Amino acid sequence: MTRASLSVVCLALLLSCACWAKPNGSKNKKPKQVVPAIECDVRAGKINLPEFIVKCPSHCKETKQQVYGTGVFASISSICNAAIHSGIITNSGGKVIVRKMAGQNVYKGSNSNGVRSLSLPKWRESFVVSEGKPKRGVIYPSTLDYVPSRPTYVKTSQKDKSPAVTTATPTTIGPEPTTDTTPEPTTTTTTTLAPTSTPTTTTLPPAPTTGKARAAAHKVRDAGSSHPYLASVAAAGSRQSQSGPGKSPSQVLRGSAYPNRFPQRASAGLRRPEAGSAIRRPSSPVGPAFNRVQPAPAERTPTMSQANPAFPRRDWAPPSFPRPDWFPGARRTADVIYAAPDSGYMWSETDTPDAAAQDHRPDISEYERWYYNFGPYPPRSTDSDSNRKVPLDTTHTRVEPVDAWKADANLYESGFSTREQEPAPRAPEPVSQGDPNCKVDLVFLMDGSWSIGKRRFKIQKDFLADVAQAINVGVAGPMMGIIQYGDDPVTESSLKSYSNSKDVKSSIEKIVQKGGLSNVGKALSYINKQYFSDANGNRGGAPNVAVVLVDGWPTDKVEEASRLARESGINIFFVTIEGPDDSEKQNLVEANFVDKAVCRTNGFFSLPVTSWFALRKAVQPLVKRVCDTDRLVCSKTCLNANDIAFVIDGSSSVGTGNFRTVLQFVANVTREFEISDTDTRVGAVQYTYEQRLEFAFGQHNHKAELLNAIKRINYWSGGTSTGAAITYAAEQLFSKSKPNKRKIMIVITDGRSYDDVRAPALAVHRQGVIAYSIGIAWAAQDELEYIATDPDKEHSFFVDEFDNLYKFVPKIIHNICQEFNSQPRN
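In this text, all values refer to a predicted model and were calculated from it rather than measured experimentally. (Residues numbered from 1 in each chain as written. Predicted model: local features only at pLDDT ≥ 70, side-chain atom pairs only at ≥ 80, totals over all residues. Heavy atoms only, no water.)

J.: Hey, could you run me through the pattern of salt bridges in this one?
T.: Per the counting criterion, the structure on display carries 18 salt bridges. Notably, a salt bridge pairs D782 with R752, separated by 3.5 Å at the nearest N-O pair. Taken together, the positions of D782 in helix α19 (residues 781-787) and R752 in the loop between β19 (742-749) and α18 (758-766) put the pair 30 residues apart, joining distant regions of the chain. According to the relative accessible area criterion, D782 is partly exposed, its value standing at 32%. In the salt-bridge network here, residues are joined through shared partners; they are R456, D551 and E578. (Salt bridge = Lys/Arg side-chain N within 4 Å of Asp/Glu carboxyl O. Helix = DSSP H or I, 4+ residues; strand = E, 2+ residues; numbered from the N terminus. Buried < 20%, exposed > 50% of the residue type's maximum accessible area, 1.4 Å probe, protein only.)

J.: Is there a simple way to explain the state of the cysteines in this structure?
T.: Linking two cysteines covalently through their sulfur atoms gives a disulfide. One pass over the full model with this rule turns up 5 disulfides. What pairs with C40 in a disulfide is C60, and their sulfur atoms sit 2.0 Å apart. Across the S-S bond linking C40 and C60, the dihedral sits near -80°, which makes this disulfide left-handed. One end of the pair, C40, is in the loop between α1 (2-28) and β1 (51-56); the other, C60, is in the loop between β1 and β2 (69-70), with 20 residues separating them in the sequence. An identical accessibility class is assigned to C40 and C60; each is buried. Linked covalently through their sulfurs, C438 and C627 form a disulfide whose S-S length is 1.9 Å. Disulfide C438-C627: the torsion about the S-S bond is -70°, which places it as left-handed. With a gap of 189 residues between them, C438 in the loop between α8 (411-414) and β10 (441-447) and C627 in the loop between α14 (619-626) and β16 (642-649) connect regions that are remote in the sequence. Pair check on accessibility: C438 and C627 agree, each one buried. Counting only the cysteines that take part in disulfides, in the order they occur along the chain, gives the pairing 1-3, 2-4, 5-7, 6-8, 9-10. (Disulfide = S-S within 2.5 Å.)

J.: Before we go on, may I ask you to explain the packing of aromatic side chains in this structure?
T.: Each aromatic ring pair is described using two quantities: the centre-to-centre distance and the angle formed by the ring planes. As enumerated under the stated definition, the model contains 10 aromatic pairs in all. When the ring of Y689 is compared with that of Y754, the centres are 5.4 Å apart and the planes differ by 35°; the resulting orientation is tilted. Taken as a pair, Y689 in the loop between β17 (681-687) and β18 (691-695) and Y754 in the loop between β19 and α18 lie far apart in primary sequence, 65 residues in all. The same class applies to Y689 as to Y754, namely exposed. Taking 5.1 Å as the distance between ring centres and 40° as the angle between the ring planes, the aromatic pair formed by F797 and F808 counts as tilted. Highlighted residues: F797 in strand β21 (residues 796-799) and F808 in the loop between β21 and α21 (809-821), separated in sequence by 11 residues. A connected cluster of aromatic rings, assembled from ring pairs, spans F573, F604 and F605. Between the NZ or CZ atom of R692 and the centre of the ring of W716, over which it lies, the distance is 4.7 Å. (Phe/Tyr/Trp six-rings, centres within 6.5 Å; stacked < 30°, edge-to-face > 60°. Lys NZ or Arg CZ within 6 Å of the ring centre and 35° of its normal.)

J.: Looking at this structure, I do not really get the pairing of strand β13 (residues 544-551). What am I missing?
T.: In summary, the side chains of a regular strand alternate between the two faces of the sheet. Taken across its 8 residues, β13 has 8 buried, putting it largely inside the fold. Alternating residues of β13 divide into N544, A546, V548 and V550 and V545, V547, L549 and D551, and every residue in both groups is buried. As defined by bridge partners, β10 adjoins β13 across 5 bridges and the pair is classed as parallel. Of the residues in β13, the one forming a bridge with V443 is A546. Here β13 pairs with strand β14 (residues 570-577) via 8 bridges, running parallel. Each bridged residue has a counterpart across the sheet, and for D551 the counterpart in β14 is I577. Following the chain from β13 across helix α12 (residues 559-567) to the adjacent parallel β14, one finds a crossover that is right-handed. (Pairing = 2+ DSSP bridges. Right-handed = clockwise from strand over helix to strand, strands pointing away.)

J.: Help me out: how do you make sense of α18 in this one?
T.: One full turn of an α-helix is made of 3.6 residues, so residues set three or four places apart face in the same direction. Looking only at α18, the buried set comprises P760, A761 and V764. Looking straight down α18, one finds that the buried residues subtend no more than 100° of arc, so they occupy a single side. Elements that come into contact with the buried residues of α18 comprise α17 (722-732), β19 and α19. Looking one or two residues beyond α18, the residue adopting positive phi is G768, at roughly 90°. (Arc of directions from axis to C-beta. Contact = heavy atoms within 4.5 Å.)

J.: Where do I start with helix α2 (residues 79-86) in this structure?
T.: Counting buried positions along α2 yields 7 of 8 residues, so the element is predominantly enclosed. All of the buried residues in α2 are I79, C80, N81, A82, A83, I84 and H85. Count one or two residues on from α2 and you reach G87, which has phi positive near 85°.

In short, shape yes, function no, at least from these values alone.
Laid out in structure tokens, this is it:
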């Protein structure tokens, strides 16, 4: 019997120890990051989170999902292919952290890690990708909140079934506060337990309602603030919104670690106690967390304000001086704040006839009470009708004329307004239009290195001021900006900073020498990547010109940075003052740096000056050159200086579905170019036995209009006469091409031609046309080589299926730009 009793006691002790050990063990266990998986075609803009982690599958590169941008991608890009393009993951997949950011004005395309990213002029939202290793203590959402394709509506009867709202901000591991809500209708008691206690939550049952629930989920304002109070409110509010769906905004806020002192007001004119919501505010706010933007109060009607005659309203006159958000003196207990979600905090006051109830600090004197009620910070009326004039209560204030004011008088007692009278607005000065014959976006790179000295730096500033006066800066003419370079480049003024020569000259006088080395190469990289952008005033239709002033020679290499700048369409001029002589050339970092940097080596873009004192004589020659827009040839790039003709096979062997695939290929190639009457122009010819001009060069001068025209081409069907089609394109399109355009022909066919292609192809080659041939399925390889420009391997392509045409879009663009940039620069 005794042995059985001992066994029972030991078993009970073991069970009790296990029960006590289980919570501690589970509490100390760190939560594991759950990484949601996505498909290759998921775009960042479809996920409604600012930062999240995902897992990409393998073989996303083969899906050819589109990517826009380099480093910073547009939100319409595929997340997985953007990560492969950036080198974050390989084609075998992996984890990726995605962080949203503001939209960019320009997204530049590039080819990296086997993924071709396309260029995009502008998009509303961007994102960057990083390695999928979260920082210690950071937990990302385990589920993804996708943007719905159509709005969803939540019925009141289904509020218990609504899903929890996913928190977008990564949360840090830590003990969560707990809340005990008592059943009393007018008070709420909040207790934060120690981390070792068991969290418990008691809430009132929701009151029955017949109103329709709000469809939008409540979110706490300033969730990302560094203030501890706002951070607690944001974290607790988001947890309560997940655990208690269907609650009102005031009930959601009541579940935070701090008491909800500011419930939502049900009526603008009455103070009616509500169950668990009407709480009296303490005497003063506890800190600056309440000093928020104050929204306009809800509009009041006379019926609302006079609904209860036992609680009359007092209309205070608005003060004539600024009033702080809170006054540290005594407050009336009737001052109640009503906070609306997402709208900040707002003080509002109501009066009661009971004087004893107004002052919950009976120890203050009568003067202190008067000073608060009628002193420098009188209470403000919450009436929305601010235009109604109410006479001042002059029983406690003395109003004197302004001319009778005495120096020792109190401003607040005399009625004198501390607000100065605003001067009458001046008429706006007429904006200078500038010289329309010199419409360029011009930037000067001035030498700020220590080698130049203060005296020569002043001569350089005088030279720039003379240039600004000579070119006549204006919005319809040249716009001028300045960059000072030393160790690093610094923007002194952007292209849009000043719109007339007078303001430009004034800004030049204020420039202070920075010092350092003469790193011209770094400055040229800066203007290529950052300066000539829409945000800095780049107008797009005006040529980009950069004039580099160099004292002696640069201290870094300029060849690579200059090449990239020229390929971006920047015309580079060099003004070298006191350049190196024969004995000093051995000290150069890069020999012949001027010829390697300027737009062309024919002498037009370089201007040597023998001494600093002769620099002023170079003003007029330099202005004449930068304003000669016909000779600014570097403004023409591989994307804006072409006449491209597509010769499309419309024979019966193609078929309707495959013909639409061909048109999609034509649109993808066209989308990469800058389309306008002065930039790249596109024409199209469809052929069978006969030929048909679908549209000519310059007929569609906007990219969107041109893409729609390509989409509207109707399938013809018939035989295959490729040779006659090449001759037709030469007569109808290239005969009307502009002399400064590069002529490019792209022939797409799926079979052997019924006529000869050698003679027509040779004829267009002699006219200077660069011909590309693309064969599909049954196309003859020998005919493709006859049509293509030499070398054949760079201009002739073959695919077995129409669906593989898209693979040659990056290759064709690359070849066109490579040929353009390899032209002689003399």
